[in-house]
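Now for the letters of each chain:
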Amino acid sequence: MALSNIAGQQRAVSFLSRLLRKETVPHAFLFSGMTGGGKLAAAVEFARALNCLSPRDHDGCGLCGSCRKLDEGLHPDVVHVTSDGPGIKLDQIRELVKRFRFRPFEGKFRVVIIHDAHRMLEVAANALLKVLEEPPEANIFILLAVESQMLLPTIVSRCCQVRFQPLDDRIVAQRLVQEEGLSPESAASIARLAEGSIEKARWFSVQDRSEGWKKVVDRLENLDTISILDFFPMVSDWAKGREFVERDLEFIKLWVRDLILFRVAGARYPAHASTQSGAALTFDLNARTRQAAGSIPVEHLFILYQRVELAMQGLKVNANLQMTLEGVCLAIKDFLYGKGNWNSFSKRGQALSF
Ligand SMILES: [Zn+2]
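Rules and cut-offs
Residues numbered from 1 in each chain as written. Predicted model: local features only at pLDDT ≥ 70, side-chain atom pairs only at ≥ 80, totals over all residues. Heavy atoms only, no water. Helix = DSSP H or I, 4+ residues; strand = E, 2+ residues; numbered from the N terminus. Contact = heavy atoms within 4.5 Å. Areas by Shrake-Rupley, 256 points an atom, 1.4 Å probe, with all protein chains shown as cover. Lys, Arg positive; Asp, Glu negative; His and termini not counted. Charge placed at Lys NZ, Arg CZ, Asp CG, Glu CD. Phe/Tyr/Trp six-rings, centres within 6.5 Å; stacked < 30°, edge-to-face > 60°. Buried < 20%, exposed > 50% of the residue type's maximum accessible area, 1.4 Å probe, protein only. Core = buried A, V, L, I, M, F, W, Y, C linked by side-chain atoms within 4.5 Å. Domains from an automatic or database assignment. Pairing = 2+ DSSP bridges. Axes fitted to C-alpha atoms, helices over the stretch in contact; angles between N-to-C directions. Donors = N, O, S within 2.8 Å, 3.2 Å for Na, K, Ca; no water. Tetrahedral: all angles 85-135°; square planar, octahedral: opposite > 155°, others 65-115°. Salt bridge = Lys/Arg side-chain N within 4 Å of Asp/Glu carboxyl O. Polar contact = N/O pair within 3.5 Å; in protein donor to acceptor, adjacent residues only side chain to side chain.

For the protein chain, the count of helices and strands is 15 helices and five strands. Across its three principal axes, the protein chain shows a C-alpha extent of roughly 80 × 45 × 30 Å. Looking at the protein chain alone, contacts between residues at least 24 apart form 70% of all its contacts between residues at least 6 apart. Surface exposure of the protein chain reaches about 18300 Å², of which carbon and sulfur atoms provide 52%. Of the charged side chains in the protein chain, 45 are positive and 41 negative; the average position of the first set lies 2 Å away from that of the second.

Here's what the structure looks like:
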């Protein structure tokens, strides 16, 4: 591996390569972008190129002693800081600072890679800020974060920012074929779910997870005709575990996004895709759902999307699983299939009497 082999991040990679060629490397970087887009790989390859003993065109050779140690995770001058429990703690930054009394052991630079820097506790962030204000010689910091706004602005302003884009679906699919041994068809279909993250794609590619989304779509389509007597037991059965509900809400969000793409851009499922709009659906929506999405105001679909996002946020702060799912399912049932009626359960065939 080398920096130049990182796929799908041409802008970030060519920026870093230019710095290596000019041999003017800032002391701190912030790599931002979604998890699974290549930030960590780029940080490691940048560290390799900086310390390689026989660089090729200013990139790592992959063969020298320094490159081999890096591959084995044994390079003494490439230091990873990862969050521990609630986040990166003050003690971890203090431990790091102790190292700065010494020069790098073997390499030209010590490269400190701070994973999930947005999960740094405030006291730790302030301690790191002091280091960045007076950077120790021959040390390079690479902070990895999803969004730069999630960090203290004073830290961000000390860093050279490098943005990583979501990966192209084709690159994600290609890697799933090469690295996970998936068939090109299932790789393509999972890549569409992964929203540009190889990590998310790998997560989806586990068999029971890809089966999971078919079950979710069945349940969503069934909301069209389900009776009130079946509705609550169905949701209660669904809300068995937090991990599954969180995963399924991801699917529901993508499904609602599909409804919007279908409604607004006329997007189709890839198997019969018209490339008119360039957008393709993740799910093969059934005829009833397509018809329902086509016959309601588009704003209702955006409200639905927002409802799902709010539900996902709610779960992160421990909202009740069953009530969250009920809220989302009722919203889909009423807005989509009930054309905005607050109670869209069929009046026919129900054994309720008052
Ligand atoms: Zn090398």
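There is more to say after this.
Turning our attention to the packing of aromatic side chains. Aromatic ring pairs are described here by two measures, namely the spacing of the ring centres and the angle between the planes. Applying the stated rule across the entire model yields nine aromatic pairs. Note on Trp-213 and Phe-283: the rings are 6.5 Å apart at their centroids and 70 degrees apart in plane angle, and the pair reads as edge-to-face. Within this pair, whereas Trp-213 is found in helix 10 (residues 207-222), its partner Phe-283 is found in the loop between helix 12 (242-265) and helix 13 (287-294), the two being separated by 70 residues in sequence. Residue classification places Phe-283 among the buried positions, given a relative accessible area of 3%.

The next thing to look at is the nonpolar core. Leu-223, Leu-249, Ile-252, Trp-255, Ile-332 and Leu-336 are the most contacted members of the largest nonpolar core, which totals 57 residues. With 10 residues, the top contributor of residues to this core is helix 12. Lining this core are residues from two domains, each supplying at least three of them: domain 2 (168-205) and domain 3 (207-337).

Okay, the sheet that holds strand 2 (residues 78-81) next. Here five strands make up an open sheet; going across it, the order is 2-3-4-1-5 and the pairing parallel. Each edge of the open sheet is held by one strand with a lone partner, namely strand 2 and strand 5 (160-163). Geometrically, the sheet is characterised by an average inter-axis angle of 20 degrees between neighbouring strands, direction not taken into account. Relative to strand 4 (residues 139-145), strand 1 (residues 28-32) runs parallel, the two being bridged by five bridges. Counted as the bridge partner of Phe-29 is Ile-142 from strand 4.

The next thing to look at is the coordination of the zinc ion. Around a metal, the idealised angle for a tetrahedral arrangement of four donor atoms is 109.5 degrees; for an octahedral arrangement of six donor atoms it is 90 or 180 degrees. Those protein atoms acting as donors to the zinc ion are Cys-52 (SG), Cys-61 (SG), Cys-64 (SG) and Cys-67 (SG), and they sit at 2.2 to 2.4 Å. In this structure, the zinc ion is coordinated by four donor atoms arranged in tetrahedral fashion, with angles at the metal of 102 to 116 degrees.

With that settled, the discussion passes to the pattern of salt bridges. If you walk through the whole model with that rule in mind, you get 19 salt bridges. Among the salt bridges present, the one from Glu-45 reaches Arg-48, with a minimum N-O distance of 2.6 Å. Linking Glu-45 with Arg-48, this pair stays in helix 2 (residues 39-51), spanning three residues, or about one helical turn. Summarising the burial analysis for this pair, Glu-45 and Arg-48 share the class buried. A salt bridge links Arg-48 to Asp-71; its shortest N-O distance comes to 2.7 Å. Note that Arg-48 is positioned in helix 2 and Asp-71 in helix 3 (residues 65-71), a separation of 23 residues in sequence. Members of the salt-bridge network, linked through shared partners, are Arg-175, Glu-179, Glu-180 and Arg-202.

Bringing the side chain of Arg-247 into the picture now. Assignment of secondary structure puts Arg-247 in helix 12. By relative accessible area, which is 10% here, Arg-247 ends up buried. Separated by 2.8 Å, the side chains of Arg-247 and Asp-248 make a polar contact.

With that settled, the discussion passes to the domain arrangement of the protein chain. Annotation of the protein chain at the domain level lists domain 1 (3-163), domain 2 (168-205) and domain 3 (207-337). Domain 1 and domain 3 are separated by 39 Å when their C-alpha centres are compared.

Turning next to unusual backbone geometry. Here Ala-138, not a glycine, exhibits a phi torsion of approximately 65 degrees, which is positive. Take Ala-138: it is sitting in the loop between helix 5 (122-133) and strand 4. Here the phi dihedral of Glu-195 falls at roughly 50 degrees; this positive angle occurs in a residue that is not glycine. Within the fold, Glu-195 resides in the loop between helix 8 (184-193) and helix 9 (198-205).

It is worth spelling out the environment of Leu-63 at this point. Note that Leu-63 resides in the loop between helix 2 and helix 3. By relative accessible area, which is 54% here, Leu-63 ends up exposed. When the C-alpha positions of Leu-63 and Cys-52 are compared, they lie 8.9 Å apart, and in sequence the two are 11 residues distant. Setting aside chain neighbours within four positions, we find Leu-63 in contact with Arg-56 and Arg-68.

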